[in-house]
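Chain by chain, the residues run as shown.
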Amino acid sequence: GENVEQHPSTLSVQEGDSAVIKCTYSDSASNYFPWYKQELGKRPQLIIDIRSNVGEKKDQRIAVTLNKTAKHFSLHITETQPEDSAVYFCAASKGVTGGGNKLTFGTGTQLKVEL
Amino acid sequence: GAGVSQSPRYKVAKRGQDVALRCDPISGHVSLFWYQQALGQGPEFLTYFQNEAQLDKSGLPSDRFFAERPEGSVSTLKIQRTQQEDSAVYLCASSLVTITDTQYFGPGTRLTVL
C-alpha cells in the first residue's frame, strides 16, 4: 500500500521567516495530496490541497508544490506568525471508483514559530 | 453549518469492556471514514462507508473492531473486549462525494483503556 514519509519532525522558525515541510509518497497512482493543521487536542483542519494535474497551488501565505516524477510534495508557509504553531500532516490518496479516497498520512511536523 | 460531531469526546474503559463511539457526519455527505490516531502519530485509516455500504474495512486491526452506518448517516465504531493498545484518538471524517474530495474531520473521541 501507500507509504508517506514526512520531514522534518520538528521545525522551529522565527516569526516572519518561511517554513518548508516535505513529503514523499510511494504509490504513483496517488492523485490527491491534502495538508492538515492540527492544534493540540483539536481536529485536523484542511489548509490546502493539490491534485496531480497541477504542479503548484497558492493560498495567501500558504503554497504547495507537487513533483509527480519524484513523488514528492512540499508545504511552504511564508511570513510565519505565532498562530501558525501546530502539527502539520501531509497525506496522499488515489481516487478509486467505489473505493473512496482514504488518506495515508505522514507522521507529522511540529512547527513552532518563535517571537 | 454544523460540522462533523463525535461523542463521547472522552471515554475511559477498563480492559475487557466494550465501547461504542458515535459519529454524526455533515448532512448529505456520502462518504464516511474512521481513522485511529495514536499519540504523536498521524491518523491511520480504519474503515470507509459510501452511504450505508461498508466498502473498505482493510484498516480494522482485529475482529474486535466493528463499524456500521445503517441508514447512511450516523455511524458507530464498536470495540469489543478493549485492550490497552486500543488507547488512541478515534477520528471520523466525511466528504460530499466519493472520489478525491475534501474530508472534514470531527473532534475525535479519546479512548483510554486502563
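Coordinates for the structure precede this section.
Since the model is a prediction, treat every value here as computed from it, not as a measurement.

(A) Structural view of the sheet that holds strand β1 (residues 4-7) of chain A. All names here are of chain A. Across the sheet, five strands lie side by side as β1-β3-β8-β7-β6; this open sheet has antiparallel pairing. Strands with a single pairing partner mark the edges of an open sheet, and in this sheet they are β1 and β6 (56-59). On average, each strand axis in the sheet is tilted by 15° relative to the strand beside it, whichever way the strands run. Sheet topology places strand β3 (residues 19-25) next to strand β8 (residues 72-77); six bridges connect them, and they run antiparallel. By the bridge assignment for β8, Val 20 is matched with His 76.

(B) Local environment of the nonpolar core. Counting residues in each nonpolar core, the largest one holds 24 residues, and the members touching the most others are Trp 35, Phe 73, Leu 75, Tyr 88 and Leu 111 of chain A. Mapped onto this core, the elements with two or more residues apiece are β2 (10-14), β3, β4 (32-38), β5 (45-51), β7 (62-67), β8, β9 (86-92) and β11 (109-114) of chain A. The next biggest cluster of nonpolar side chains, apart from the first, holds 20 residues, and it includes Trp 34, Leu 60, Ile 79 and Val 113 of chain B.

Cut-offs applied
- Residues numbered from 1 in each chain as written.
- Chains lettered and ligands numbered in written order.
- Predicted model: local features only at pLDDT ≥ 70, side-chain atom pairs only at ≥ 80, totals over all residues.
- Heavy atoms only, no water.
- Pairing = 2+ DSSP bridges.
- Helix = DSSP H or I, 4+ residues; strand = E, 2+ residues; numbered from the N terminus.
- Axes fitted to C-alpha atoms, helices over the stretch in contact; angles between N-to-C directions.
- Core = buried A, V, L, I, M, F, W, Y, C linked by side-chain atoms within 4.5 Å.
- Buried < 20%, exposed > 50% of the residue type's maximum accessible area, 1.4 Å probe, protein only.

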